[in-house]
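# Geometric and topological summary
Okay, here's what each chain looks like letter by letter:
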Amino acid sequence: MINRADVYSKIGMALISAQRVEFVSGELLKVLENFDGGGYRVTTIEFLEKSAKSQKTFKTLGAIFSLHKLNPKLIIEDELDSYLIKRNILAHEFWRRYLYSLSEQQKKEALDFCDDFGRHSQRVESFFKGLVYFLSLRYVTDRSQLSEEMQTWSVDFKYFTQSLNDKELH
């Protein structure tokens, strides 16, 4: 028998993992907003215009993902679309899909969804951290000049480059 507290614990884990992705995605947006179209040529005029407008409004994860897709060489679109669908289920439909009847089957499906979402969140977070690391290299002559926190993201940078090569998150 599945304990209700276990389900609520997993929901909390999933929510925190979603917030971590939103945080790092927002950090990525901040870095991209500083580009002037030069350097790595990762930005476009359209991106800069839209991101400037987005500063005046609430930045939702969906809006941030849309802005990121303007740079298709650095984004794995299918993976992000899949993540966004799961995130929207968690935010808007989770109770109706998984907890409406509180049946044992629904509880099990809720746990499975939360576990899958948490793993997907970790992959997306690592991918975005790797991208931020990559973009941050533009501002330093040596990796040791990066902040201590940023230096810990070198593992995420390796994950980012491997994911781009394979065109999927692992």
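Scroll up for the structure.
For clarity, every value in this text was computed on a predicted model and none was experimentally measured.

Let us now look at the pattern of salt bridges. Counting across every chain of the model gives 9 salt bridges. Between Glu93 and Arg96 there is a salt bridge, and its shortest N-O distance comes to 3.4 Å. Residue Glu93 and its partner Arg96 are both found in helix α4 (residues 77-99); the two are separated by 3 residues, about one turn of the helix. When its relative accessible area of 53% is taken as the criterion, Arg96 is described as exposed. Residue Asp112 pairs with Lys108 through a salt bridge whose shortest N-O separation is 2.9 Å. Here Lys108 and Asp112 lie together in helix α5 (residues 104-136), a separation of 4 residues that amounts to about one turn. Taking relative accessible area as the criterion, Lys108 reaches 42% and is therefore assigned partly exposed.

Turning to α5, a few remarks are in order. In a regular helix each residue adds 1.5 Å, so 33 residues correspond to 48 Å; α5 covers 47 Å between its end C-alpha atoms and thus fits that length. Of all the 33 residues making up α5, 24 are buried; the element is thus mostly covered by neighbouring parts of the structure.

What follows deals with the packing of α5 against helix α7 (residues 154-166). One can describe the packing of α5 onto α7 by two numbers: an axis separation of 7 Å at closest approach and a directional angle of 100°. Accordingly, the angle class assigned to the pair α5 and α7 is roughly perpendicular. Contact residues: α5 offers Arg123, Ser126, Phe127, Lys129, Gly130, Leu131, Tyr133 and Phe134, while α7 offers Ser154, Asp156, Phe157, Tyr159, Phe160, Ser163 and Leu164. When the residues that make up the contact of α5 with α7 are grouped by side-chain class, the tally is 8 nonpolar, 4 polar and 3 charged.

Grouped burial of nonpolar side chains is what soluble globular proteins tend to show. Of all hydrophobic cores here, the largest spans 41 residues; its most connected members are Phe94, Phe127, Phe128, Leu131 and Phe160. Looking at this core, the element that brings in the most residues is α5, giving 13 residues. In this structure, Phe160 is in contact with Leu74, Phe127, Gly130, Leu131 and Phe134, ignoring residues within four places of it in sequence.

What follows covers unusual backbone geometry. Both trends apply: most residues other than glycine have a negative phi, and most peptide bonds are in trans. The residue Lys167 is not glycine, and still its phi comes out positive at about 60°. With respect to the element layout, Lys167 can be found in the segment after α7. According to the relative accessible area criterion, Lys167 is exposed, its value standing at 59%.

Among the structural elements, Ile2 can be located in the segment before α1 (4-33). In this structure Ile2 comes out as partly exposed when scored by relative accessible area, which is 22%. The sequence separation of Ile2 and Lys107 amounts to 105 residues, and the corresponding C-alpha distance is 6.9 Å. Contacts of Ile2, omitting those with residues within four sequence positions, involve Val7, Glu104, Lys107, Lys108 and Leu111.

If you trace the backbone, Glu79 turns up in helix α4. A relative accessible area of 15% places Glu79 in the buried class. With 89 residues separating them in the primary sequence, Glu79 and Glu168 have C-alpha atoms 6.7 Å apart. Once residues within four sequence positions are removed from consideration, Glu79 is found in contact with His120, Glu168 and Leu169. A polar contact is formed between the side chain of Glu79 and the backbone nitrogen of Leu169, at a distance of 3.1 Å.

The rules behind the values
- Residues numbered from 1 in each chain as written.
- Predicted model: local features only at pLDDT ≥ 70, side-chain atom pairs only at ≥ 80, totals over all residues.
- Heavy atoms only, no water.
- Salt bridge = Lys/Arg side-chain N within 4 Å of Asp/Glu carboxyl O.
- Helix = DSSP H or I, 4+ residues; strand = E, 2+ residues; numbered from the N terminus.
- Buried < 20%, exposed > 50% of the residue type's maximum accessible area, 1.4 Å probe, protein only.
- Expected span 1.5 Å × (residues − 1).
- Axes fitted to C-alpha atoms, helices over the stretch in contact; angles between N-to-C directions.
- Parallel < 35°, antiparallel > 145°, perpendicular 65-115°, else oblique.
- Contact = heavy atoms within 4.5 Å.
- Nonpolar A, V, L, I, M, F, W, Y, C, P; charged D, E, K, R; others polar.
- Core = buried A, V, L, I, M, F, W, Y, C linked by side-chain atoms within 4.5 Å.
- Polar contact = N/O pair within 3.5 Å; in protein donor to acceptor, adjacent residues only side chain to side chain.

Note that every value here comes from positions in space, so none of it alone points to a role or purpose.
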